[in-house]
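Reading the structure
Next come the chains, spelled out residue by residue.
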Amino acid sequence: MNFVITILSFLIIACNGEHATISVNTPTIQCGMCQKTIEVGLKKIAGVNNSTVDLATKKTKVIYDIEKTDIKSIEKAISNLGYQANEQLADPTSYESLPACCKIGGMDHK
Ligand SMILES: [Cu+2]
């Protein structure tokens, strides 16, 4: 009986899908608000488990389920939030609606 339970729980774990961690270049992020916008925004994307924005290196680490989403969709999601992701440029409309401090050079002319 225990053996069956072991196999069942193994199958359940296997069905959870495989996860991958990627590091996305997000060179246009400016401040802590950008960090929040991306982390909160990516949380809403199906298949994204977690994301961490590193302001110092301007990179966003994303942990996602490879069966539910992919790098391209994640880049697109970041672009839709108003930020550049790797080669994918920020969506112009989203970028325009960002607070002034989050636009390129925003922290300089304050
Ligand atoms: Cu910002």
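Preceding this section is the structure that the text describes.
Let us look at the structure shown here. (Residues numbered from 1 in each chain as written. Predicted model: local features only at pLDDT ≥ 70, side-chain atom pairs only at ≥ 80, totals over all residues. Heavy atoms only, no water.)

Moving on: the coordination of the copper ion. Each donor-metal-donor angle in an ideal tetrahedron of four donors is 109.5 degrees, and each such angle in an ideal octahedron of six donors is either 90 or 180 degrees. Donor atoms from the polypeptide that bind the copper ion are Cys 31 (SG), Cys 34 (SG) and Cys 102 (SG), placed at 2.1 to 2.2 Å. Within one chain, the residues serving as donors to the copper ion are arranged as C-x2-C-x67-C. Each member of the pair, Cys 31 as well as Cys 34, is classed as buried. (Donors = N, O, S within 2.8 Å, 3.2 Å for Na, K, Ca; no water. Buried < 20%, exposed > 50% of the residue type's maximum accessible area, 1.4 Å probe, protein only.)

Another point: helix α2 (residues 32–43). With 12 residues, α2 ought to run about 16 Å at 1.5 Å a step, and its terminal C-alpha atoms sit 17 Å apart, in line with that. Buried within α2 are the following residues: Cys 34, Ile 38, Glu 39, Gly 41 and Leu 42. Down the axis of α2, the buried set is contained in an arc of 170 degrees. They therefore lie on one face. Facing away from the buried side of α2 by more than 90 degrees, the exposed set consists of Lys 36 and Lys 43. (Helix = DSSP H or I, 4+ residues; strand = E, 2+ residues; numbered from the N terminus. Expected span 1.5 Å × (residues − 1). Arc of directions from axis to C-beta.)

Here we come to unusual backbone geometry. If you check the backbone angles, Lys 58 has positive phi at about 55 degrees while not being a glycine. Within the secondary structure layout, Lys 58 lies in the loop between β2 (48–54) and β3 (59–65). Note on Lys 58: relative accessible area 28%, which makes it partly exposed. In this structure, Asn 86 takes a positive phi of about 55 degrees despite not being glycine. For Asn 86, a relative accessible area of 21% puts it in the partly exposed group.

Here we take up the nonpolar core. Among the nonpolar cores identified, the biggest contains 21 residues, and Ile 38, Leu 42, Val 62, Ile 74, Ile 78, Tyr 83 and Cys 102 are the most heavily contacted of them. Mapped by element, the contributors of at least two residues to this core are β1 (19–25), α2, β2, β3 and α3 (71–80). (Core = buried A, V, L, I, M, F, W, Y, C linked by side-chain atoms within 4.5 Å.)

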